[in-house]
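The primary structure of each chain is shown beneath.
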Amino acid sequence: MSGLSSRINQNARRFRRDAGGASAVEFAIILPMMLVLFFGTVELSNGVAVDRKVTLTARTLSDLVSQASTVADSDFTNSFDASSSIMTPYSSGPVKAIISEVKVDSAGVATVAWSKSRNATARAPGSSVTLPAALAVPSTYLIWSEVSYTYTPVVGYVLKTGLTLSDQFFTRPRQSACVLYSQSVCP
């Protein structure tokens, strides 16, 4: 019996010293978690970068149009093209942009004077707009840009559908009281 117990003790000591298999098991347990953390960090970083670019696109679009005193269709095409290039290195295909001029009348009621869009539906002239209180200055005009982007993750393990990121930006016309388009007139 003592031979059997000594062999059991030897095997138990050998088992405790042998850690080679334990490392492989630990690696197999930790690897999926590390991959999820890695790809999650990459996707989160890309999402934040795209969201920032959407904000920059909205700001640029509004800024470009507000610097003119009159605009034509070719000016809108150039402004949309310039603002879409901000999305580089991400695709500008999912970008939906609307640029509108908002007229605030003497009673503080805001309506759309004109509107143009790319990959979206322009706002109807005369439709009412709810503005932040600080921007609703009577008898003024605003250039309003709205940009949205459907971000689709590269690794769609958690988020199977796209996530819509959007932003809007308001600027006042800089060269005149309003920005004229087509047959519009400033009061």
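**So, the environment of Val137**
With respect to the helices and strands, the residue Val137 is situated in the loop between β4 (128-129) and β5 (140-151). Here the alpha-carbon distance between Val137 and Val109, two residues 28 residues apart in the chain, equals 9.3 Å. With residues up to four places along the chain from it excluded, the contact list for Val137 reads Val104 and Arg172.

**Here we look at a nonpolar patch on the surface**
Side chains of Phe27, Leu31, Leu35, Phe38, Phe39, Val42, Val154 and Val155 sit close together on the surface and give an oily, nonpolar patch of about 730 Å² of accessible area. Checked against the element boundaries, Leu35 lands in helix α2 (residues 20-66). The exposure class assigned to Leu35 is partly exposed, which follows from its relative accessible area of 40%.

**A few points about helix α3 (residues 73-84)**
Over its twelve residues, α3 extends 16 Å from the first C-alpha to the last, a length consistent with the 16 Å expected when each residue adds 1.5 Å. Within α3, the full set of buried residues consists of Phe76, Ser79, Phe80, Ser83 and Ser84. Buried residues of α3 fall within an arc of 125° about the axis and therefore sit on the same side.

**Thoughts on the packing of aromatic side chains**
Summed over the entire model, instances satisfying the criterion amount to five aromatic pairs. Centre to centre, the rings of Phe38 and Phe39 are 5.2 Å apart; their planes meet at 70°, and the pair counts as edge-to-face. Judged by relative accessible area, which is 49%, Phe38 ranks as partly exposed. Considering the side-chain rings of Phe76 and Trp114, the 5.3 Å spacing of their centres and the 65° angle between planes classify their relative orientation as edge-to-face. With Phe76 in helix α3 and Trp114 in strand β3 (residues 110-118), this pair connects stretches of sequence that are 38 residues apart. For the pair formed by Phe76 and Trp114, the shared burial category is buried. One aromatic cluster in this structure is built from Phe76, Trp114 and Tyr181.

**A look at the side chain of Ser66**
Mapped onto the fold, Ser66 is located in helix α2. Among the polar contacts made by the side chain of Ser66, one reaches the main-chain carbonyl oxygen of Asp63 at a distance of 3.0 Å.

**Description of the sheet that holds strand β6 (residues 163-171)**
Read from one edge to the other, the open sheet built from five strands follows the order β4-β3-β2-β5-β6, with strand pairing classed as antiparallel. Each end of this open sheet is capped by a strand with a single partner; those strands are β4 and β6. Of the pairings in the sheet, the one linking β5 to β6 comprises nine bridges and is antiparallel in character. Opposite Val147, over in β6, you have Asp167 as the bridge partner.

Analysis parameters
Residues numbered from 1 in each chain as written. Predicted model: local features only at pLDDT ≥ 70, side-chain atom pairs only at ≥ 80, totals over all residues. Heavy atoms only, no water. Helix = DSSP H or I, 4+ residues; strand = E, 2+ residues; numbered from the N terminus. Contact = heavy atoms within 4.5 Å. Patch = residues over 30% accessible without salt bridge, like charges linked within 9 Å, V, L, I, M, F, W, Y side chains within 5 Å. Areas by Shrake-Rupley, 256 points an atom, 1.4 Å probe, with all protein chains shown as cover. Salt bridge = Lys/Arg side-chain N within 4 Å of Asp/Glu carboxyl O. Buried < 20%, exposed > 50% of the residue type's maximum accessible area, 1.4 Å probe, protein only. Expected span 1.5 Å × (residues − 1). Arc of directions from axis to C-beta. Phe/Tyr/Trp six-rings, centres within 6.5 Å; stacked < 30°, edge-to-face > 60°. Polar contact = N/O pair within 3.5 Å; in protein donor to acceptor, adjacent residues only side chain to side chain. Pairing = 2+ DSSP bridges.

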